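# Topology and contacts: notes
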Amino acid sequence: MEQSWKKAKAVFAAALGPPLVWLVVFFVAPMAIVWAYSFGHNVGLTEISFTGTIANYARALEPLYLKIFVKSAWVAALTTALCLVIGFPVALAITFASQKAKTWLLLLVMLPFWTNLLIRTYALIAVLRTEGYVNQTFEWFWNLGAKVAPLGAYQPLELLHNNFAVILGLVYVHLPFMVLPLYSALDRLDKSLLEASLDLGAGHLRTLFRIVVPLALPGIASGVLITFIPALGAYLTPDLLGGPDSQMIANVIERQFKRANDWPFGAALSFLLMYLTFIAIAVQALLSKGRKKEGVG
């Protein structure tokens, strides 16, 4: 028995070795270098001195950058809330669909993952721009109404390069991240509990909020977490769809590394964003642990 365990450990080590080396070389080591940059300062155009200073973190906590952090968190929270409001009915519909329809609905949810994010964002630009499909549709209805009453010339809606476009784009991109965990949680529900609730006189809405939602809380928590974190660090969507007042913290970080050539400050901003991510994960873990204790009790 002992000999077989030793062989199993050897096989396990052999299987774990290459991925572990890959993780250390291409993830841990680069992250450690960037973390070290955050405690340095620029000496020249290409040289960074590692002095152990925390001036970059102090600068990152100035009101200007704190405002951007708060705005990024607010945009990410609003995006997450909208994804939850839209995604929960979608996940519920998939759960109670027939087996054949369920397969196609899940395929439609996962289909965006097969297309590059840049292409999807440019497609959204084609929809929202001044001569886009939305404004063309509204203009057609406007001209139709102008035949009945004088309405004047149609003024295209400003749907692009503002906060509305950024939030719409973030919801469009991150909605599958909310739907899939919700569906996973809802699909495991004991359907007999729903039938019992309805048989005992509870309506559909009461059953939804008193039975379905509490039982789906783990899926809701997972969906909120994996939607909020990518939305908080989103770069491409606000860069292409937003305007000067719609930039998020990831866009500020990009400018520090590219245009400003201030790698230490960009590294400090990056790790502050990472610390916020760790805090969000820790809060979710504590809440999940608390719910488990209540369930046991």
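Counting restarts for each chain, with residues numbered from 1 along the sequence as it is written. Local features in a predicted model are, by the rule used here, given only for residues with pLDDT of at least 70; side-chain atom pairs are given and counted only at 80 or more, and totals for whole chains, interfaces and linings are based on all residues. Computation of side-chain values covers all heavy atoms of the structure but excludes hydrogens and water.

### Looking at the overall build of the protein chain
The condition that has to hold: Numbered from the N terminus, helices here are DSSP runs of H or I no shorter than four residues, and strands are runs of E no shorter than two. In this treatment the radius of gyration is a C-alpha quantity, and the globule benchmark scales as 2.2 Å times the residue count to the 0.38 power. Only protein chains enter the area calculation, which uses a 1.4 Å probe; residues under 20% of their type maximum are buried, those over 50% are exposed, and those in between are partly exposed. For this analysis, residues touch if any pair of their heavy atoms sits within 4.5 Å. Computed by Shrake-Rupley with a 1.4 Å probe, the accessible areas treat only the displayed protein chains as cover when residues are assessed. When charges are counted, Lys and Arg are positive and Asp and Glu negative, with His and the chain ends excluded. Charged side chains are reduced to one point each, which is NZ for Lys, CZ for Arg, CG for Asp and CD for Glu.
Along the protein chain, the regular secondary structure elements total 13 helices and two strands. Over its C-alpha trace the protein chain gives a radius of gyration of 25 Å, far above what one expects of a compact globule, namely 19 Å for 297 residues. Structurally, the protein chain occupies a C-alpha span of about 75 × 65 × 35 Å along its principal axes. Buried positions account for 32% of the 297 residues belonging to the protein chain. Long-range contacts, defined as pairs at least 24 residues apart, comprise 67% of the intrachain contacts of the protein chain with a sequence gap of at least 6. Carbon together with sulfur atoms contributes 71% to the accessible area of the protein chain, which is approximately 18,400 Å² in total. When the 22 basic and 15 acidic side-chain charges of the protein chain are each reduced to a single mean position, those positions are 8 Å apart.

### Considerations on the packing of aromatic side chains
For clarity, the threshold we go by: Pairing of aromatic rings covers Phe, Tyr and the six-membered ring of Trp, with a centre-to-centre limit of 6.5 Å; geometry is then stacked below 30 degrees between planes, edge-to-face above 60, and tilted otherwise. In this scheme, Lys NZ or Arg CZ marks a charge over a ring once it lies within 6 Å of the ring centre and within 35 degrees of the ring normal.
Counted by the stated rule, this structure contains 11 aromatic pairs. The interplanar angle of 45° and the centroid separation of 5.3 Å between the aromatic rings of phenylalanine 39 and tyrosine 57 together place this pair among those described as tilted. Of this pair, phenylalanine 39 sits in the loop between α1 (2–37) and β1 (40–42) while tyrosine 57 is found in helix α2 (residues 55–60), placing the two residues 18 residues apart along the sequence. The class of tyrosine 57 is buried, set by a relative accessible area of 11%. One Lys or Arg, arginine 59, reaches over the ring of phenylalanine 265 and ends 3.8 Å from the middle of that ring.

### Comments concerning the nonpolar core
Note the cut-off: Take the buried Ala, Val, Leu, Ile, Met, Phe, Trp, Tyr and Cys residues and link them wherever side-chain atoms come within 4.5 Å; each set so joined is a nonpolar core.
Ranked by size, the top nonpolar core spans 23 residues in total, and within it Phe88 and Leu186 carry the most contacts. Elements supplying a minimum of two residues to this core: α3 (63–95), α4 (99–110) and α7 (163–187). Among the elements that line this core, the one with the most residues is α7, at nine residues. Leaving out residues up to four positions away in the same chain, leucine 186 has contacts with Phe88, Ala91, Leu92, Thr95, Lys191, Val212 and Ala216.

### What about a nonpolar patch on the surface?
Applied cut-off: Only residues whose relative accessible area exceeds 30% and that form no salt bridge are eligible for patches; like-charged ones are grouped when within 9 Å, while nonpolar side chains (Val, Leu, Ile, Met, Phe, Trp, Tyr) are grouped when within 5 Å. Any Lys or Arg side-chain nitrogen located within 4 Å of an Asp or Glu carboxyl oxygen qualifies as a salt bridge.
Taken together, the side chains of Phe12, Leu16, Leu20, Val21, Trp22, Leu23, Val24, Val25, Phe26, Phe27 and Val28 make up a nonpolar region of the molecular surface, amounting to roughly 1,100 Å² of accessible area. Tracing the backbone through its elements, the reader meets valine 28 in helix α1.

### Thoughts on the UniProt feature "domain: ABC transmembrane type-1" (unreviewed entry) in the protein chain
So the rule is basically this: UniProt positions are given in the numbering used here, feature names are shortened, and annotations may be inferred rather than shown by experiment.
Mapped onto the present numbering, the UniProt feature "domain: ABC transmembrane type-1" (unreviewed entry) falls on residues 69–284. Across residues 69–284 one finds 76% helix and 0% strand; the C-alpha atoms that close the span lie 20 Å apart.

### Regarding the UniProt feature "transmembrane region" (unreviewed entry) in the protein chain
The sites that UniProt annotates as "transmembrane region" (unreviewed entry) are residues 12–37, 73–97, 104–128, 164–186, 207–236 and 265–287. End C-alpha to end C-alpha, residues 12–37 measures 36 Å, and it is 100% helix and 0% strand. Across residues 164–186, helical content stands at 100% and strand content at 0%; the span's end C-alpha atoms are separated by 31 Å.

### Thoughts on helix α5 (residues 117–128)
Stated formally: The span expected for a helix works out to 1.5 Å for each residue beyond the first. Taking the helix axis as origin, the arc is that swept by the directions to the C-beta atoms. Polar contacts here mean pairs of N or O atoms no more than 3.5 Å apart (in protein, one a potential hydrogen donor and the other a potential acceptor; neighbouring residues in sequence count only if both atoms are side-chain atoms).
The first and last C-alpha atoms of α5 sit 16 Å apart over 12 residues, in line with the 16 Å expected at 1.5 Å per residue. Of the residues making up α5, those classed as buried are Arg120, Thr121, Leu124, Ile125 and Leu128. What you see down the axis of α5 is that its buried residues fit within an arc of 150°, all on one side. Buried residues along α5 sit in contact with α6 (133–146), α7 and α11 (236–241). Its side-chain oxygen 2.8 Å from the backbone nitrogen of leucine 118, asparagine 116 forms the N-cap of α5.

### Some points on the environment of serine 72
Here serine 72 shows up in helix α3. The buried category is assigned to serine 72, whose relative accessible area is 1%. Each C-alpha atom, one on serine 72 and one on threonine 121, is 19 Å from the other, the two residues being 49 residues apart in sequence. Filtering out sequence-adjacent residues up to four positions away, serine 72 remains in contact with Leu232, Met248 and Ile249. Polar contacts involving the side chain of serine 72 include one to the main-chain carbonyl oxygen of isoleucine 68, which spans 2.8 Å.

### As for unusual backbone geometry
Even without a glycine there, the phi angle at histidine 161 is positive, about 65°. Relative to the elements of secondary structure, histidine 161 occurs in the loop between α6 and α7. A relative accessible area of 49% means that histidine 161 is categorised as partly exposed. Although it is not a glycine, asparagine 261 sits at a positive phi angle of roughly 55°. If you trace the backbone, asparagine 261 turns up in the loop between α12 (249–257) and α13 (263–296).

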